[in-house]
Structure formats: structure tokens, C-alpha cells
Amino acid sequence: MANTFSLLLVIVTFVTGVVWVLEKFVWSKRRKQALSKAERSTENGLTKDLAAKVYPQPWWVENSVSIFPVIAFVLVLRSFIYEPFQIPSGSMMPTLLVGDFILVEKFSYGIKDPVFQSKLIETGEPKRGDIAVFKYPPQPSIDYIKRVVGLPGDTIRYTEDKQICIQPAGSSTCTPVAQYNDKESPFFQDGIALSEATEQLGPVAHQILINPYRRDNVQAYKPRAFRNEWVVPEGEYFMMGDNRDNSADSRYWGFVPEANFVGKATAIWISFEFDRDADSVLPSWIPTGIRFNRIGGLT
């Protein structure tokens, strides 16, 4: 859907742009020349209203000229600078909640063409701890959002006590990255209170959620890990959700190629609540409130 919209946006921009150029440099000059000729052939000249009726600007030209600057601005903004995304699931709780609308910085991992997503200019690479939007590898038409955990060359271990251990390329030490907290978490899953932990990925400290009574289905790991261990290939990344026991991520469908990255999530620009009773006459997609306290940056 996102690629289809990008293609339509490019087509509309191109068509209205061509009309804008032809109107500015060809058609408007021809109308002026015809108008001047008509005025010279009359004794009293043509009034402004009469001239507009005799040599009108076609409606489709007028509309194209009007919307081209707006469409071009939207294309540049959405393709190369920032794009809005909606959080559809709870896989990134507590960092991101359902109903959060985020801004994704499109130029963080390279400037790409808006249709085929070919990289045009190198601007940076995903960093450990980044919250990133990417094309879901098994189905690239779908956008996913997860946190960058493993970089190319890393060895990632996920222990039975749900601790990530990272061994960077060239290192002989595997370092745990989470510190469990004693404070009570306000988040629940299937009626069970989730445990909260502070995780340090590179310079980024953030909160994660753990279901203390749920075990990972190790048999479902893909690509099949040696025990609970993955070696991240060159040019690819290991992604995980902050809600560790409610996240379909690299443990289950593999690594993310760098070419699949869309951009880095940088801020929540609005956050809606959808706390509506089942017997409500209003559709479930209509917000019930705004969480103003969530508007701002991300960690």
C-alpha cells in the first residue's frame, strides 16, 4: 500500500508539474499574444471579464497549476525527510502504544528514490538501539517497526531467563544488556502483570516488558538458531520488539537486510486512545481521547 501511494504521488506530481511548466512557459504566452491581437482589432479593447471568457484558462490547467506546489512539497517531505506512521500493535510497548502516531526520519539510513527505494546517497546506517521502520522481509509490502538489537557480525544470544547477550564482531565477550526492576508494571497481557526491565543497547537506555510465565517457542525460531544463538550476516540486522513476549521479530522470521530499512522513528506527534465499549454505536476506529503526555521524542 505504501509503495502504491508513493507511485501515485510521483505520477500526480509529474503530470501536474508538466502542466505547470507548459502553462508558465508556453500556453499562458500564447493566450497573451492572442489577447493582444484581439485588443488591437477592437476600438475600445477588451474588458478583463470579456478577455477571460474569450481566452479562458482551462479548468484542468488551473487546477494542476494550483495543486502542483502542494503535491511537490508533500512528495519531497514524505520521500526524503519525514513520513508519518501509525502504531498498529503492542509489540513495542512500553515505548510505543497502540494509537501512537510517529514521525520517521527518512534520511537517517540513506536517501532513496520514492518508488523503487534504491539508495541514491549514503547518509548513515542503523545503529544499535534505534527504533526503525522497515519492510517486513517475508512480505515487503508491509511496514514493521522494531528496535535494532544486532549489527552485522554480532552474535546474539537470548537466554532462558529472557536476557539478551550481545557479542560484537571480533569480541570474545558476550555482554548482557538488561537490568530487571523491582517496580510494578502497569501493563498486563492475558490478565498477567508484565515485568519491566531497563535495557541498555549502545548509548540507548529504554524499558522492555517481559511475561514471567511465558516461554519462547524455540522450535519456531527462524532461521533455526543454534540453541538460542544467532550470528548476524553482513549487511543485515537483528530486530526485536520491546514487548518481548508479544512480538513477532527476528527470532521468528530472520534478519532484516539494510535495503529494507525505511527510516528511524524519532518522535510521537500525536497519540490517540481507543477505549470504547463494545456496545458503543460509534465505530472502533474513532478515538476516545488524546494522550498529550506521550507527545514528544523517543528512546
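Above this note sits the structure.
All figures in this text were calculated on a predicted structure; none of them were measured in a lab. Residue positions are counted from 1 within each chain, in the order its sequence is given. Residues qualify for local features only when their pLDDT is at least 70, as the model is predicted, and side-chain atom pairs are given and counted only at 80 or more; totals for whole chains, interfaces and linings, by contrast, use all residues. Heavy atoms from the whole structure form the basis of all side-chain values; hydrogens and water molecules are not counted.

Asks: Explain the nonpolar core to me, using residue names and the numbers behind them.
Replies: The definition of a nonpolar core used throughout is a set of buried Ala, Val, Leu, Ile, Met, Phe, Trp, Tyr and Cys residues joined through side-chain atoms within 4.5 Å. The cut-offs for exposure are 20% and 50% of the maximum accessible area for each residue type, with area from a 1.4 Å probe on protein chains only; residues under the lower value are buried, those over the upper are exposed, and the others partly exposed. Ranked by size, the top nonpolar core spans 17 residues in total, and within it Val149, Ile156, Tyr158, Ile164, Ile166 and Phe238 carry the most contacts. Helix and strand definitions follow DSSP, with helices as H or I runs of at least four residues and strands as E runs of at least two, each counted in order from the N terminus. Put simply, the parts of the chain that give this core at least two residues each are strand S7 (155-158), strand S8 (164-167), strand S13 (195-201), strand S14 (204-210) and strand S16 (236-240). Aside from chain neighbours lying at most four places away, what touches Phe238 is Arg147, Val148, Val149, Gly150, Ile156, Trp230, Val232, Ser250, Arg251 and Phe255. Of all hydrophobic cores here, the second largest spans 13 residues; its members include Phe85, Ile145, Val262 and Ala265. The criterion used for residue contact is that any of the two residues' heavy atoms lie within 4.5 Å.

Asks: I'd like to hear about the sheet that holds S8, residue by residue, with values.
Replies: At least two DSSP bridges between two strands are needed for those strands to be called paired. If you trace the 4 strands from one edge of the open sheet to the other, you get S9-S8-S7-S15, paired in antiparallel fashion. This sheet does not close on itself; its edge strands, each paired only once, are strand S9 (175-176) and strand S15 (229-231). Where S7 lies against S8, 4 bridges are found, and the strand directions are antiparallel. By the bridge assignment for S8, Ile156 is matched with Ile166.

Asks: Tell me what's going on with a negative patch on the surface, and back it up with residues and numbers.
Replies: What goes into a patch is any residue over 30% in relative accessible area without a salt bridge, connected to like charges within 9 Å or, for nonpolar side chains (Val, Leu, Ile, Met, Phe, Trp, Tyr), within 5 Å. Exposure was quantified through the Shrake-Rupley algorithm and a 1.4 Å probe, taking into account, for residues, occlusion by the shown protein chains and nothing else. A pair is scored as a salt bridge if a Lys or Arg side-chain nitrogen falls within 4 Å of a carboxyl oxygen belonging to Asp or Glu. Charged residues are defined narrowly, with Lys and Arg counted positive, Asp and Glu counted negative, and His plus the chain ends left uncounted. A charge is said to be at NZ when it belongs to Lys, at CZ for Arg, at CG for Asp and at CD for Glu. Negative charge collects at one region of the surface, where Glu273, Asp275, Asp277 and Asp279 lie side by side. Here Asp279 is to be found in the loop between strand S18 (261-273) and strand S19 (289-290). With a relative accessible area of 66%, Asp279 lands in the exposed category.

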